[in-house]
Amino acid sequence: MWCAQPTFSSPWHTTSARWGSSGATATVLDVPELPEVETVRRGLEPLLVGATFVDAGSHPSAKFLPAVEARGATVTHVGRRGKYLLTGLGDGRRLVIHLGMTGQLRVDPDADAPDPYDRAWWLLDDGRRLGFRDVRRFGRLAVVGDDLSALPTLAALGPEPFDDAFSPEGLWRDLRRSRVRVKTQLLVQRVVAGVGNIYADEALWRAGVRPAARQVSRPAAARLHRAVIDVLAEGIEHGGTTLRDYRTVDGGSGANQHRLDCYGRAGLACPRCSDVL
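Report on the accompanying structure.

About the thresholds
- Residues numbered from 1 in each chain as written.
- Predicted model: local features only at pLDDT ≥ 70, side-chain atom pairs only at ≥ 80, totals over all residues.
- Heavy atoms only, no water.
- Buried < 20%, exposed > 50% of the residue type's maximum accessible area, 1.4 Å probe, protein only.
- Helix = DSSP H or I, 4+ residues; strand = E, 2+ residues; numbered from the N terminus.
- Contact = heavy atoms within 4.5 Å.
- Axes fitted to C-alpha atoms, helices over the stretch in contact; angles between N-to-C directions.
- Left-handed = near helix turned anticlockwise from the far one by under 90°.
- Nonpolar A, V, L, I, M, F, W, Y, C, P; charged D, E, K, R; others polar.
- Pairing = 2+ DSSP bridges.

This part takes up helix α3 (residues 168-176). Among the residues of α3, those classed as buried are Gly170, Leu171, Trp172 and Leu175. Along its buried surface, α3 packs onto α4 (182-188) and α6 (218-237).

Between α3 and α6, the least distance of the axes is 8 Å, while the angle of their chain directions is 115°. In this structure, α3 crosses over α6, and the sense of that crossing is right-handed. Residues Pro168, Glu169, Leu171, Trp172 and Leu175 of α3 form the contact with α6, whose participating residues are Arg218, Ala221, Ala222, Leu224 and His225. Tallied by class, the residues present in the contact of α3 with α6 amount to seven nonpolar, one polar and two charged.

Attention now goes to the sheet that holds strand β1 (residues 53-58). Reading across from one edge, β1-β6-β7-β5 is the order of the four strands in this open sheet, with antiparallel pairing throughout. Taken across any chain shown, the strands that pair with only one partner, and hence form the sheet edges, are β1 and β5 (103-108). Strand-to-strand, the axes of this sheet are offset by a mean angle of 15°, without reference to chain direction. Pairing geometry for β1 and strand β6 (residues 118-124), over five bridges, is antiparallel. Looking across to β6, one finds that Phe53 is bridged to Leu124. Each of β5, β6 and β7 (129-134) is contacted by helix α1 (residues 34-48), which is oriented at about 25° to β5, the strand it contacts most.

Right, here's the structure in full:
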């Protein structure tokens, strides 16, 4: 059945409109997206800026070895690009952290109490310890200069959703260039950075755009543009979405999972029209 409200077409309620293997269900891997990474960034910045990494170590995997390259550097800021944390260092380099599926960052007051799942760690000059816990080791570290083109994945990212470069007209033009499904284009990160399964589903549902659509009209692109910004901003406001592994810097859970309209809600009532999703 189609939603009666809003007035544009929104076919989210029939069996054929369900997501299947490419769609959003609670079984899809819970990977931190922009709201979760931004929440971590905001938690880390006041704890790290001005601190110096006097020592560092890592798991022997090449993905975590770059941790030691930050030894001796002072943190100047903690930024973000898409789903990546960018920790500015006093010598002009950046420590890039991708949390992966199970990555968690925390600052411990006691440097002598490491977590057995820490894959990288940095000892701060005041005795505290920054730990990167990653049970399944899907995370990754890099230390690069100011030019992020050294990392092709970062260089290829689309505009930040809260920047003026992300516009309704630009989104419409970008989506028109490909016949790939709209949801897939969102996930690829080229049309906008930071959107993953959770927030793509929420934005598409809110905008009334079929995730499998291969073309969208200008009005639909404008609705989707607004919905992407809104669902990401709301995710940040509520500390991110914790479905399994994601934790804030202080070890807490996000609260946005209690506000999801469609992600993981197959078989439940649609909050817009009360039909079954």
